[in-house]
Amino acid sequence: MLTVLAGLGLGLSLIVAIGAQNVFVLRQGIRREHVLAVVLICALSDAALIAAGVAGLGFVLSAAPWLVVVARWAGALFLLSYGVLAARRAWRGGEELDVDATDAAAPGTPVTDGTAVTLTRTRLAPVILTTLALTWLNPHVYLDTVLMLGSIAATHGDERWLFAGGAIAASLLWFTALGFGARYLGRWLRTPRSWRILDAVIAVVMITIAVSLVLPVLGG
């Protein structure tokens, strides 16, 4: 039990931070858009990476550091593109969320009080692809799950898979809480201005992370 709790605690300490993946999950949760799919992809991806780390993939990455460099550049390019799109949304505006109407109607459907949900709904496929990219093109994910969790799990000997189970549970709990709990923030995002501020924050976070990913490479 203590081994499971150790994995749970370390998993939460690594995942509960402002990052590209968490910001995207938060935005989808606030939009109430394909939340279950996003949460499942993030949690299952973490589970696969943690399992790979415990199984020994961390040694492969340690022996071939160029793989991490490739992941850094690919992740930085994707995050930069997403940040630019978020900045464009912040500049143009036009989104708002009627929280009460969202509970009862699809986006764009009139409700009894004459208002409508004006938040444009994104198709499932682009959301899935973005979630996968934010997860698998982020080198920090490999460093945290594969290398760090994998190496620490190895210190638990025969109980390493119990440790991994705790870390996987932490990921599932966090993404579920973040994705489905974010809807309660909707009351503060009823106006287009609120969404422009949110997208501006997202743009800053994404672009900052993109730059931070390649700085170690450029610095030699």
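The rules behind these values
Residues numbered from 1 in each chain as written. Predicted model: local features only at pLDDT ≥ 70, side-chain atom pairs only at ≥ 80, totals over all residues. Heavy atoms only, no water. Helix = DSSP H or I, 4+ residues; strand = E, 2+ residues; numbered from the N terminus. Contact = heavy atoms within 4.5 Å. Areas by Shrake-Rupley, 256 points an atom, 1.4 Å probe, with all protein chains shown as cover. Expected span 1.5 Å × (residues − 1). Buried < 20%, exposed > 50% of the residue type's maximum accessible area, 1.4 Å probe, protein only. pLDDT = per-residue confidence, 0-100. Axes fitted to C-alpha atoms, helices over the stretch in contact; angles between N-to-C directions. Parallel < 35°, antiparallel > 145°, perpendicular 65-115°, else oblique. Left-handed = near helix turned anticlockwise from the far one by under 90°. Nonpolar A, V, L, I, M, F, W, Y, C, P; charged D, E, K, R; others polar. Phe/Tyr/Trp six-rings, centres within 6.5 Å; stacked < 30°, edge-to-face > 60°. Salt bridge = Lys/Arg side-chain N within 4 Å of Asp/Glu carboxyl O.

A count of helical and extended segments in the chain gives 10 helices and 0 strands. Secondary structure of the chain in N-to-C order comes out as α-α-α-α-α-α-α-α-α-α. Put simply, of all contacts in the chain between residues at least 6 apart along the chain, 84% involve residues at least 24 apart. When the accessible surface of the chain is split by element, carbon and sulfur atoms take 70% of a total near 11,300 Å².

Between the first and last C-alpha of helix H7 (residues 124-136) there are 18 Å, a value that for 13 residues agrees with the 18 Å anticipated at 1.5 Å per step. Those residues of H7 lying buried are Val-127, Thr-130, Thr-131, Ala-133, Leu-134 and Thr-135.

Attention now goes to the confidence of the model for the chain. Taken as a whole, the chain shows an average pLDDT of 77; of its residues, 80% reach a score of 70 or greater. Ranking the elements of the chain by mean pLDDT puts helix H6 (residues 99-104) last with 42 and helix H3 (residues 35-55) first with 92. A low-confidence stretch, residues 98-118 stays under pLDDT 50, and its non-local contacts, those more than four residues away or across chains, total 27 contacts.

The next subject is the side chain of Ser-171. Assignment of secondary structure puts Ser-171 in helix H9 (residues 160-181). Aside from chain neighbours lying at most four places away, what touches Ser-171 is Ile-15, Cys-42, Ala-43 and Asp-46.

Our focus in this paragraph is the packing of H3 against H9. Relative orientation of the contacting elements H3 and H9 amounts to 160 degrees, with a least axis distance of 9 Å. Relative to H9, H3 is oriented roughly antiparallel. As H3 runs across H9, the sense of the crossing is right-handed. On H9, the residues touching Val-35, Leu-36, Val-39, Cys-42, Ala-43, Asp-46, Ala-47, Ile-50, Ala-51, Val-54 and Ala-55 of H3 are Arg-160, Trp-161, Ala-164, Ala-167, Ile-168, Ser-171, Leu-172, Phe-175, Thr-176, Gly-179 and Phe-180. Here the residues of the contact of H3 with H9 are counted per class, giving 17 nonpolar, 3 polar and 2 charged.

Here the focus is the packing of aromatic side chains. Enumeration over the complete set of coordinates arrives at 1 aromatic pair. Look at Trp-136 and Tyr-142: their rings are 6.5 Å apart centre to centre, the planes differ by 65 degrees, and that puts the pair in the edge-to-face class.

The end-to-end C-alpha separation of H3 is 30 Å, in line with the 30 Å expected for 21 residues at 1.5 Å each. Directly after H3, the chain includes Gly-56, whose backbone phi takes a positive value near 120 degrees.

So, about the pattern of salt bridges. Applying the stated criterion across every chain yields a total of 3 salt bridges. Across the salt bridge formed by Arg-27 and Asp-199, the nearest N and O atoms sit 3.0 Å from each other. Placement of the pair is Arg-27 in helix H2 (residues 20-31) and Asp-199 in helix H10 (residues 192-218), with a sequence separation of 172 residues. Two residues, Glu-33 and Arg-31, come together in a salt bridge whose shortest N-O distance is 3.0 Å.

Attention shifts here to the environment of Tyr-184. Mapped onto the fold, Tyr-184 is located in the loop between H9 and H10. On the accessibility criterion, Tyr-184 (55% relative accessible area) is exposed. Between the C-alpha atoms of Tyr-184 and Gly-29, which are 155 residues apart in sequence, the distance is 9.0 Å.

Note on placement: Asp-46 falls in helix H3. Excluding its chain neighbours within four sequence positions, the residues that come into contact with Asp-46 are Ile-15, Val-141, Thr-145, Ser-171 and Phe-175.

To continue, consider unusual backbone geometry. The residue Arg-32 is not glycine, and still its phi comes out positive at about 55 degrees. Along the chain, Arg-32 falls in the loop between H2 and H3. Under the relative-accessibility criterion, Arg-32 is labelled buried at 14%.

Two numbers describe how helix H8 (residues 139-154) lies on H9: the axes approach to 8 Å, and their chain directions differ by 145 degrees. The way H8 lies across H9 gives a crossing that is right-handed. Side by side, H8 and H9 meet where Leu-149, Ile-152, Ala-153 and Ala-154 of the first sit next to Arg-160, Phe-163 and Ala-167 of the second. Considered class by class, the residues forming the contact of H8 with H9 number 6 nonpolar, no polar and 1 charged.

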